[in-house]
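Okay, here's what each chain looks like letter by letter:
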Amino acid sequence: MNIVRPADELLDQPFWRHLAAGQLHLNACEACGAFRHPPGPCCPKCRHIGEHWAPVSGRATLQSYTTVRHPVHDRLTSAVPYVVTLVRLAEGPRMISGIPPGERYDLKVGLELECKVISYDARFALPFFVPVAQVQP
Ligand SMILES: [Zn+2]
């Protein structure tokens, strides 16, 4: 599948490096520990300058979603239709993501999700979200 890779930005290089290793890490404040996404140089809660990267649970709640049926980029022509999601991570930040290509789920706002990192090559992976496995009674 063709994929559109993000621009190489200095602040989010650790985000992509951890994903390439199969892990979801977020930028966090060195002083108060609050997670933030996208990463930034200053904490939006306490204004401290100083950050580190830490793993997050990968748990999230679906806040919104849409199905893209018309490609917004030439490289995505073979990818449509695909689902774009807005999720609220358990640690607080929101993230725009999607469900894994080719997978179908009965989505509804409020659905509990978990992160599934999909690798495209040794240096690039993307985080997707899938419904938390339901425990059978
Ligand atoms: Zn802070």
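For the structure, check the block above.
Here's a quick rundown of the structure. The structure presented is a predicted model; accordingly, all values stated were derived computationally and were not measured. (Residues numbered from 1 in each chain as written. Predicted model: local features only at pLDDT ≥ 70, side-chain atom pairs only at ≥ 80, totals over all residues. Heavy atoms only, no water.)

**Topic: the overall build of the chain**
Step number 1: Per the secondary structure count, the chain includes 1 helix and 8 strands.
Step number 2: The secondary structure elements of the chain, listed N-terminal to C-terminal, are α-β-β-β-β-β-β-β-β.
Step number 3: Over its C-alpha atoms the chain spans a radius of gyration of 16 Å, differing by no more than 12% from the 14 Å that the globule rule assigns to 137 residues.
Step number 4: Along the first, second and third principal axes, the C-alpha set of the chain runs to 45 × 40 × 25 Å.
Step number 5: Counting only residues that meet the buried cut, the chain has 36% of its 137 residues in that class.
Step number 6: Counting only contacts in the chain whose residues sit at least 6 apart along the sequence, the fraction spanning at least 24 positions is 49%. (Helix = DSSP H or I, 4+ residues; strand = E, 2+ residues; numbered from the N terminus. Rg over C-alpha atoms; globule rule 2.2 N^0.38 Å. Buried < 20%, exposed > 50% of the residue type's maximum accessible area, 1.4 Å probe, protein only. Contact = heavy atoms within 4.5 Å.)

**Overview of the packing of aromatic side chains**
Step number 1: By the definition in use, this model includes 3 aromatic pairs.
Step number 2: Here the aromatic rings of Phe-15 and Trp-16 are separated by 5.0 Å at their centres, their planes lie at 80 degrees, and the arrangement is edge-to-face. Assigned by exposure class, Phe-15 and Trp-16 land together as buried.
Step number 3: Between Tyr-120 and Phe-124, the ring centres sit 6.0 Å apart and the planes meet at 40 degrees, which makes this aromatic pair tilted.
Step number 4: Since its relative accessible area comes to 24%, Tyr-120 is described here as partly exposed.
Step number 5: On the accessibility criterion, Phe-124 (5% relative accessible area) is buried. (Phe/Tyr/Trp six-rings, centres within 6.5 Å; stacked < 30°, edge-to-face > 60°.)

**What about the coordination of the zinc ion?**
Step number 1: Taken together, the protein donors to the zinc ion comprise Cys-29 (SG), Cys-32 (SG), Cys-43 (SG) and Cys-46 (SG), at separations of 2.3 to 2.4 Å.
Step number 2: Sequence spacing of the donor residues for the zinc ion, all on one chain, is C-x2-C-x10-C-x2-C. With Cys-29 in strand S1 (residues 25-29) and Cys-46 in the loop between strand S2 (35-36) and strand S3 (51-55), this pair connects stretches of sequence that are 17 residues apart. (Donors = N, O, S within 2.8 Å, 3.2 Å for Na, K, Ca; no water.)

**Describing the sheet that holds S2**
Step number 1: The strand order S2-S1-S3 describes an open sheet built from 3 strands, whose pairing is antiparallel. Of all strands in the sheet, those with a lone pairing partner are S2 and S3, marking the two edges.
Step number 2: Here 2 bridges tie S1 to S2, and the two strands are oriented antiparallel to one another. Bridge assignment links Asn-27 to a residue of S2, and that residue is Arg-36. (Pairing = 2+ DSSP bridges.)

**Points about the sheet that holds strand S6 (residues 94-98)**
Step number 1: Pairing in this open sheet of 5 strands is antiparallel, and the strands run S6-S5-S4-S7-S8 from one edge to the other. Since the sheet does not close on itself, it has two edges, and those belong to S6 and strand S8 (124-131), each with one partner. Between one strand axis and the next, the sheet turns through 35 degrees on average, direction left out of account.
Step number 2: Relative to the sheet, helix H1 (residues 13-20) contacts S6, strand S7 (112-121) and S8, its axis offset from that of S8 by approximately 75 degrees. (Axes fitted to C-alpha atoms, helices over the stretch in contact; angles between N-to-C directions.)

**A short note on unusual backbone geometry**
Step number 1: Omega for the bond connecting His-37 with Pro-38 falls within 30 degrees of zero, at 0 degrees, which places this linkage in the cis form.
Step number 2: Residue Pro-81 is reached from Val-80 by a cis peptide bond, and omega for that bond is -5 degrees.
Step number 3: Although it is not a glycine, Arg-47 adopts a positive phi angle of roughly 65 degrees.
Step number 4: Position of Arg-47 relative to the elements: it lies in the loop between S2 and S3.

**Some words on the environment of Phe-15**
Step number 1: Positionally, Phe-15 belongs in helix H1.
Step number 2: Judged by relative accessible area, Phe-15 falls into the buried class, the value being 5%.
Step number 3: Between the C-alpha atom of Phe-15 and that of His-37, which follows or precedes it by 22 residues, the distance is 9.7 Å.
Step number 4: With near-sequence residues (within four places) excluded, Phe-15 lies in contact with Leu-24, His-25, Leu-26, His-37, Trp-53, Met-95 and Pro-127.

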